[in-house]
Amino acid sequence: MTQGRDEATTRRELIDRQLHQAGWSTLRRKVIEELALPRAALQTSDGSGDYGVEFADYALLGRDEKPLAIVEAKRTSRDPLVGERQATDYADLIQASYGVEPFIFLANGNEIWFLDRFRYPVRRVSGFFTRDDLERLQFQREYAIDPTTVAPNLKIIDRPYQLQAVKTICERLEDRHRKILLVMATGTGKTRTAIALVDVLLRSRWVQRVLFLADRRELVRQALGAFKEHLPAQSRTRVEGGAIDRGARIHVATYPSMMQVYQQLSPGFYDLIIADESHRSIYKRYKAILEHFDALQLGLTATPTDYIDHNTFDLFGCSDGLPTFNYSFEEAKDDKYLVNYKVLESKTKFQIQGIKAGQLPPELQRQIEEQGLDLSEIDFEGTDLERRVTNTGTNDAIVREFMENSRKDASGTLPEKSIIFAISHAHAMEIYKSFNRLYPALQAKGFARVIDSHIERADKILNDFKYEEMPRVAISVDMLDTGIDIPRIQNLVFAKPVYSQVKFWQMIGRGTRLWKDPHSGREKKDFLILDFWDNFAYFQMNPEGEVANPTEALPVRLFRLRLEKLLLLRGQGEEDHAADTVRQLQSLLAGVPGENVNVRPHAEEVQKLIAQAEAWDELDEKRLDYLSKTIAPLLRFLPDVNLPTMTFEARLEALAAAHLRGDLETVEQLRTKILDDLDRLPPELPEIAAEAETLAWARSDGFWRYLDYERILSLQESIAPLMRYRQRQPQRIIRLNLPDEIAARYWVTYGPAGEGAFVETYREQVETFVRELASQHPALQKLSRDEPLTDEELRDVENALNRPDLFITTDTLRQAYEQPQAELVDFLRHILRVATFPSREEVIRQAFQEFIQAHPEFRAPQIQFLRMVQTAIISRNRITTETLRLPPFSRIGQAEKLFNTEQLDDILALTRKFA
């Protein structure tokens, strides 16, 4: 071994000190320097023994005094990785001499790299591990089993997507990935899924010590309670105030609390770190925690993938921009695990116009003067409200709007549980005072309360809001924006503007959870958002809330439409127009802020696209995919977007593409929208009047009958800039008197001669007859009291039901109610309202859920395949062996490769139950 002064100095002044900090001391027989390793123990390639001696720089000893790890030291000027092969040779010699496989550290005083051979590639770590750390890793290496073979505990999670998530993560871990990003919509059980994963990894001995991080104390409290509920046998502790119970198996902490103490713990202290609400703030403020510990890392977030920061993907090893597992709000809504929202957008007059004394009526000016205020100082824009000025009438108007239009409780008189998001504590108090003024009788019962960090005993008020009838309304500043799980909430009021897409979605998530009123039995179908600050417009989301997922950002859509147009023009040899389109694309990109943290990694490519026309020449499939999926999303950071103008431009680009494709149906649809846009331009404006001739031409039938690309281009050049003047058109109710008919109904055949009726009609007739019969039939009266029937009584009921006009039998009822497994008494109990049937969709979901639970060996792609089959069955699609080979199923994988013959037969048998 070559050892010069530089290396000796490195070891003495740097590595020795680093080892001592990790608890390794030569005085206590924990470290051997220059461990001699005779090469005789290792045979050479020709079979003869090599009897020289090697020296490992350091050997770190376990309690059995055998080498747990070795350290290969290099001078500070050398890359420590150059010693990897040398160290692995030493490890082979130790294996031969001591019968143990040592861990390997490669160090040069500035960097330390760690190698756990046969498990993971070499990786950089922040420091040396302690003896306890290494012995724990040694235990895992010796006794851990494949986590994919351990079935999740169905008492913790039982929904198919949750099982699929755990399976997906375990498969990724088994493939030796160390970072994972789990995206699940708020309310779908992120924390519970994470706990189920911890349970699997503990039972498979893959991990032994876990850290759960959250960004708020309330979330830490909830997580600690969830771990206690679902893993009661595991020791757990809360890290707070600088105190750490090192003996606990599960640690739960806020990020700030962990920042205070993490340097007291060794880099190998944790096996798994779960980072809740993983987003940009972690990257910017708390990344040091994740960089300090050499642990598996699981990031949890409810933020839709389109709005997850680029750095977050990188932080959790998802360089392709795709999370390890994603279960979106849209999927959860479709699967009936979350409820959708509807939006009522409202603004007061002063919010729109501002408060300007010179424009107020004399009566209001006099009121201002009577308050001792100088009229010359009253000149506020609408956006100044609650920042520079508060107006009692404005807050009163917001409170009245909420009380009149909010979702009410079963009585129909009082709003259901609601959160009002205020701008500041002062604003929250003003809203609270409005409730006091307008609804004193309700306020005497504690109807609306402020819950924020300025209020004493806010936690007590929050508990009352969660579990008691009053308060019904929580007026909050930040405290209830995230992480609060109150399923009963049915109203959210945005009395403030929100500028963070991540936070906006977290706030919406407060209302998405399922809930059923225990008193009335009424189920929460959706919830209401009252938006007073144009938040949905700001984020370019559907303002009516009929579609729950955010729409594609308008600049992104415009870029992609122009990219499609470019391809079509080139395909038709229109090179001049194609060159113009390239310039349009370059102009769009030129507005993207290069200093934006999301744009910065792509800045060089963006500049190339802006500066070089030839960068757009070779648009093969790979290049197009890159432009559409990597470059186009950067347009969502475009500042100063004029929505009416860009919307019109996007419509014209869609029109151009449809025209070039020859898609006449889409052209006609767009014509209606474009003409509507033209009609909203105020003709009295000089700018609009100057283009009157062009507008008249664009409205004419001749313009559209002989539509060509040049005409579309003329609209883009002359009319698009005018769209900034487009007026909002008030919604009009259009009443029509047109005949209509039912497009689809199900027919039930019930008589021996083929008698039949529509299902709805037959059910109504049967239920009317049974309820009338129950008024005089003793057995049915008994059943109405939920008392069991004897066999003789049941036969008596069967005879009474089987009348010649309805032929009521168990088989016909099964057909009519789509309940193939139900018995006659079940139908009677349903009709007499003693019990209710689950819907067909609920029965299907339950059957598939039980099928998946009965096969814990299924891997994530298999569960995903079955969920798609479930969706098809709910939509009444017929499933055969052949259809399982076709899209959409084939996009997941080939059925014959995912399942064996017996499993496929079982799946088809399951689908036939609902055919």
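Going by the structure above, here's the rest.
Residue positions are counted from 1 within each chain, in the order its sequence is given. For a predicted model such as this one, the threshold for reporting local features is a pLDDT of at least 70, and the threshold for listing and counting side-chain atom pairs is 80 or more; totals across whole chains, interfaces and linings nevertheless cover every residue. Hydrogens and water are ignored here; the side-chain numbers use all heavy atoms of the structure.

1. A few points about the overall build of the protein chain
Counting from the N terminus, the helices are DSSP H or I runs at least four residues long and the strands are E runs at least two residues long. Across its full length, the protein chain carries 37 helices and 23 strands. Relative accessibility thresholds used throughout: buried, under 20% of the residue-type maximum; exposed, over 50%; partly exposed, between the two (1.4 Å probe, protein chains only). Scored against the burial criterion, the 915 residues of the protein chain give a buried share of 51%. Contacts are assigned to residue pairs with any non-hydrogen atoms lying within 4.5 Å of each other. Expressed as a percentage of contacts within the protein chain between residues at least 6 apart in sequence, the contacts between residues at least 24 apart total 68%. We get accessible surface area from the Shrake-Rupley algorithm with a probe of 1.4 Å; when it comes to residues, only the shown protein chains can shield them. When the accessible surface of the protein chain is summed, it comes to about 44,500 Å², and 48% of that surface belongs to carbon and sulfur atoms.

2. Brief notes about the packing of aromatic side chains
The pairing test for Phe, Tyr and Trp rings, Trp by its six-membered ring, is centres within 6.5 Å, and the orientation test on the planes gives stacked under 30 degrees, edge-to-face over 60, and tilted for anything in between. Taken as a whole and assessed by the stated rule, the structure comprises 27 aromatic pairs. Ring geometry for Phe105 against Phe129: centres 5.5 Å apart, planes inclined by 90°, an arrangement best described as edge-to-face. Of this pair, Phe105 sits in strand β4 (residues 103-107) while Phe129 sits in the loop between β6 (123-125) and α3 (131-143); the two residues are 24 residues apart in sequence, bridging distant segments of the chain. Residue classification places Phe105 among the buried positions, given a relative accessible area of 0%. An aromatic cluster of three or more residues is present, and its members are Phe103, Phe105, Phe114, Phe128 and Phe129. It is Arg11 that lies over the ring of Tyr58; its NZ or CZ is 4.8 Å from the centre. Only when the NZ of Lys or the CZ of Arg is both within 6 Å of the ring centre and within 35 degrees of the ring normal is a charge said to sit over the ring.

3. Structural notes on the packing of helix α19 (residues 554-571) against helix α23 (residues 643-661)
The angle between the axes and the distance between the axes are what describe a pair of packed helices. Their axes nearest at 9 Å, the elements α19 and α23 cross at an angle of 25°. When the interaxial angle is binned, α19 and α23 end up roughly parallel. Where α19 crosses over α23, the handedness of that crossing is left-handed. Side by side, α19 and α23 meet where Leu554, Pro555, Arg557, Leu558, Leu561, Arg562, Glu564, Lys565, Leu568 and Leu569 of the first sit next to Leu643, Met646, Thr647, Glu649, Ala650, Glu653, Ala654, Ala656, Ala657, Leu660 and Arg661 of the second. Note on method: axes are straight lines fitted to C-alpha atoms, helices fitted across the in-contact stretch only, with angles between N-to-C directions ranging 0 to 180 degrees. Should an angle lie under 35 degrees it is considered roughly parallel, over 145 roughly antiparallel, and from 65 to 115 roughly perpendicular; all remaining angles are considered oblique. A crossing counts as left-handed when the near helix is turned anticlockwise from the far one by less than a right angle, and as right-handed when that turn is clockwise.

4. Observations regarding empty space enclosed by the protein
Using a 1 Å grid laid over the protein atoms alone, points where a 1.4 Å probe fits but cannot get out form a cavity; open sets with protein on both sides within 12 Å along at least 5 of 7 lines form a pocket; any residue with an atom within 4 Å of a point counts as lining. Grid points are joined across faces, edges and corners, and a volume is the space filled by probe spheres set on the points. According to the stated counting rule, one finds 3 cavities of 30 Å³ or more in the structure shown. The volume enclosed by the largest cavity comes to roughly 140 Å³. If you trace the largest cavity, you find 16 residues lining it, with Arg123, Leu137, Gln140, Arg178 and Asp271 closest to the centre. No other element matches α3, which puts 3 residues into the lining of the largest cavity. Classifying every residue of the lining of the largest cavity gives 8 nonpolar, 2 polar and 6 charged. Charged means Asp, Glu, Lys or Arg here, nonpolar means Ala, Val, Leu, Ile, Met, Phe, Trp, Tyr, Cys or Pro, and polar covers whatever is left, Gly included.

5. Topic: the sheet that holds β6
What makes two strands pair is DSSP finding at least two bridges between them. Across the sheet, which stays open at both edges, the 6 strands sit in the order β1-β2-β3-β4-β5-β6 with mixed pairing between neighbours. Each having just a single partner strand, β1 (31-38) and β6 make up the two edges of the open sheet. Looking at each pair of strands side by side, their axes are set apart by 40° on average, direction ignored. As paired elements, strand β5 (residues 112-115) and β6 share 3 bridges and run antiparallel to each other.

6. What to know about the environment of Asp409
Counting through the fold element by element, Asp409 comes out in the loop between α13 (392-405) and β17 (418-421). Asp409 sits in the buried class, given a relative accessible area of 8%.

7. Brief notes about the environment of Phe139
You can see Phe139 is positioned in helix α3. Phe139 sits in the partly exposed class, given a relative accessible area of 31%. Each C-alpha atom of the pair Phe139 and Arg205 lies 8.4 Å from the other, and the pair is 66 residues apart in sequence. Leaving out residues up to four positions away in the same chain, Phe139 has contacts with Ala144, Arg205 and Gln208.

8. Focus on the pattern of salt bridges
Every case where a carboxyl oxygen of Asp or Glu lies within 4 Å of a side-chain nitrogen of Lys or Arg is listed as a salt bridge. As enumerated under the stated definition, the model contains 64 salt bridges in all. Between Arg472 and Glu469 there is a salt bridge; the shortest N-O distance is 2.9 Å. A residue is classified by how much of its surface remains accessible, and Arg472, at 5% relative accessible area, is buried. Across the pair Glu564 and Arg661 runs a salt bridge, and its minimum N-O distance is 2.7 Å. Pair noted here: Glu564 is in helix α19 and Arg661 is in helix α23, with a separation of 97 residues, a long-range link. Overall, Arg661 belongs to the partly exposed group, its relative accessible area being 41%. Sharing partners across several salt bridges, the network here consists of Glu331, Asp335, Lys336, Glu841, Arg845 and Arg867.

9. A short note on helix α22 (residues 621-631)
Of the residues making up α22, those classed as buried are Arg623, Leu624, Leu627 and Ile631. All buried residues of α22 project into a common sector of 100° when viewed along the axis, lining one side. More than 90 degrees from the buried face of α22, the exposed residues found are Glu621, Lys622 and Lys629. Looking at the packing, one finds that the buried side of α22 touches α19, α20 (575-590) and α21 (603-611). Of all possible arcs, the one meant is that of the directions from the helix axis to the C-beta atoms.

10. Topic: the sheet that holds strand β13 (residues 325-327)
Strand order in the open sheet made by the 7 strands is β9-β10-β8-β11-β12-β7-β13, with parallel pairing throughout. Pairing within the sheet leaves two strands with one partner each, and these edge strands are β9 (236-239) and β13. Shown here is a sheet whose adjacent strand axes are inclined to one another by a mean of 15°, direction ignored. Note: β9 against strand β10 (residues 250-254), 4 bridges, orientation parallel.

11. Comments concerning the pairing of strand β3 (residues 67-73)
For β3, the tally of buried residues reaches 7 of 7 residues, placing the bulk of the element in the interior. Here strand β2 (residues 53-61) runs beside β3; their pairing, made up of 4 bridges, is antiparallel. Bridging from a neighbouring strand, Tyr58 pairs with Val71 of β3. Between β2 and the antiparallel strand that follows it, β3, lie 5 residues; Glu65 among them carries a positive phi value of about 65°. Looking down the strands as they point away from you, a crossover is right-handed if its path from the first strand over the helix to the second goes clockwise. Considered for its hand, the β-α-β crossover made up of β3, helix α2 (residues 84-98) and β4 is right-handed.

It is worth stressing that arrangement in space is one thing and function is another; only the former is reported here.
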